[in-house]
Amino acid sequence: MRSVEGRTVLITGAAMGMGRLYARHAVAERAATVVLWDLDAAPLETTRAELAAGGANVLAKVVDVSSADAVANAARELHEANVHPDIVINNAGVVRGKPFWEHDPLADSEFIIRINVLGPMHVARAFLPAMIAAGRQARILNVASASGQLSVPRMSVYTGSKWAVIGWSDSLRLELEREGHGHVRVTTLIPSYIKTGMFDGARAPLLTPLLEPEYVVDKAWAAMKAGRPRLMLPWSVGLSRMLSGLLPLRAWDWLAGRVFGVYSSMDAFTGRRPGQ
């Protein structure tokens, strides 16, 4: 797929940050329709108005992706309006930075799992049947995290959620291929910390700079269109994954904790403050 021109693109977590950047790419490449889903109504409308100002067909709706019913209802509305996304970007995500026992079981742990894990599954399930039946090139981009491959203290639930996303996303890719639906390609994005506000206060590990959102979105957009199975950013994420698999656990603990600084990277985390 060289361009999304003439295609319908749906983006979750689209009100701000990287979601807004993905939407700008879609508009720039003349997508037929750009669908924006987010929980935050005010910035969602701001983004919709900005993107539609040049004449693009942009639809925005407040949708809680953690709710299977909410996703199914919103998807039904699109299908009834003859809007059938053939590019889905599962970008919505949340994080908490504190020891596991300080996570509230509902407001923190369940909230993270429902948004980060069940959200992408609900959204993909809502549109995959139509993508498969259409028979033309389609794409799903699932945003995971480098912490889905490495243990990171002070965000154990988030880390667990991203491990789940990576396993599900890559298994989905293989299922589609094995069942003869190779026209629907799945890309799993696995970046380190990104300067979006979501990870304010996080400290970059050795050899792993804080990533600029525009850089990540540019790379992910190209990988998605190419149908690339996996994109890890920066290169050191792949190195860490390899070393953690090769070294004895305590040796990796020493290297990750004392040399790379992975285990202390969330010690000063503050996260996005209200109003950001």
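Below is a summary of the structure that appears in this document.

Scoring rules and cut-offs
- Residues numbered from 1 in each chain as written.
- Predicted model: local features only at pLDDT ≥ 70, side-chain atom pairs only at ≥ 80, totals over all residues.
- Heavy atoms only, no water.
- Helix = DSSP H or I, 4+ residues; strand = E, 2+ residues; numbered from the N terminus.
- Buried < 20%, exposed > 50% of the residue type's maximum accessible area, 1.4 Å probe, protein only.
- Contact = heavy atoms within 4.5 Å.
- Salt bridge = Lys/Arg side-chain N within 4 Å of Asp/Glu carboxyl O.
- Pairing = 2+ DSSP bridges.
- Right-handed = clockwise from strand over helix to strand, strands pointing away.
- Phe/Tyr/Trp six-rings, centres within 6.5 Å; stacked < 30°, edge-to-face > 60°.

Some words on the side chain of aspartate 38
Point 1. Along the chain, the position of aspartate 38 falls in strand β2 (residues 33-38).
Point 2. Residue aspartate 38 is classed as buried on the basis of its relative accessible area of 13%.
Point 3. Apart from residues no more than four positions distant in its own chain, aspartate 38 is found in contact with Gly13, Ala14, Ala15, Leu44, Lys61, Val62 and Val63.

Overview of the pattern of salt bridges
Point 1. What the rule picks out here adds up to 13 salt bridges.
Point 2. Taking the shortest distance from any N to any O, the salt bridge between arginine 24 and glutamate 50 comes out at 2.9 Å. Here glutamate 50 lies in helix α2 (residues 41-52) and arginine 24 lies in helix α1 (residues 17-28), a separation of 26 residues in the sequence.
Point 3. Judged by relative accessible area, which is 36%, arginine 24 ranks as partly exposed.
Point 4. By relative accessible area, glutamate 50 is classed as partly exposed at 36%.
Point 5. Residues glutamate 212 and lysine 195 are paired through a salt bridge, measuring 2.8 Å at the closest nitrogen-oxygen approach.

Thoughts on the pairing of strand β6 (residues 184-191)
Point 1. With respect to burial, β6 is a largely interior element, 7 of its 8 residues being buried.
Point 2. Two elements, strand β5 (residues 138-143) and β6, share 6 bridges in a ladder whose sense is parallel. Residue pairing in the sheet places alanine 138 in a bridge with valine 184 of β6.
Point 3. With helix α5 (residues 156-178) bridging β5 and the parallel β6, this β-α-β connection has right-handed handedness.
Point 4. Bridging between β6 and strand β7 (residues 230-233) involves 4 bridges; their strand directions are parallel. Bridge pairing in β7 places threonine 188 opposite arginine 230.

What about unusual backbone geometry?
Glycine aside, negative phi is the norm for most residues, and most peptide bonds take the trans geometry.
Point 1. Cis rather than trans, the peptide bond between leucine 233 and proline 234 has omega equal to -10°.
Point 2. Mapping proline 234 onto the fold places it in the loop between β7 and α7 (235-246).
Point 3. The backbone phi angle of asparagine 82 is positive, close to 60°, even though this residue is not glycine.
Point 4. Of note, asparagine 82 is situated in the loop between α3 (68-80) and β4 (87-90).
Point 5. At arginine 154, a residue that is not glycine, the phi angle is positive and equals roughly 75°.
Point 6. With respect to the element layout, arginine 154 can be found in the loop between β5 and α5.

Quick word on the environment of alanine 49
Point 1. Locating alanine 49 in the fold gives a position in helix α2.
Point 2. A relative accessible area of 35% means that alanine 49 is categorised as partly exposed.
Point 3. Taking C-alpha positions, alanine 49 is 24 Å from lysine 195, a pair spaced 146 residues apart along the chain.

Regarding the packing of aromatic side chains
Point 1. On inspection of all chains with the given rule, the structure shows 5 aromatic pairs.
Point 2. With a centroid separation of 5.6 Å and 75° between ring planes, the pair formed by tyrosine 158 and phenylalanine 199 is classed as edge-to-face. With tyrosine 158 in helix α5 and phenylalanine 199 in the loop between β6 and α6 (213-226), the pair connects residues that are 41 residues apart, well separated along the chain. There is no split in this pair, since tyrosine 158 and phenylalanine 199 are both buried.
Point 3. Connected via pairs of aromatic rings, a cluster forms that spans Tyr158, Tyr193, Phe199 and Phe269.

A look at the pairing of β2
Point 1. Of all 6 residues making up β2, 6 are buried, and the element is well covered by its neighbours.
Point 2. Here β2 shows a buried face lined by Thr33, Val35 and Trp37 and a second buried face lined by Val34, Leu36 and Asp38.
Point 3. Alignment of strand β1 (residues 8-12) against β2, held across 5 bridges, turns out to be parallel. The residue of β2 that forms the bridge with threonine 12 is tryptophan 37.
Point 4. With respect to chirality, the unit in which β1 leads through α1 into the neighbouring parallel β2 is right-handed.
Point 5. Two strands pair when backbone bridges link them, and β2 and strand β3 (residues 58-62) are joined in this way by 5 bridges, in the parallel orientation. Counted as the bridge partner of valine 35 is leucine 59 from β3.
Point 6. Assessed by its sense of winding, the connection that carries the chain from β2 through α2 to β3 is right-handed.

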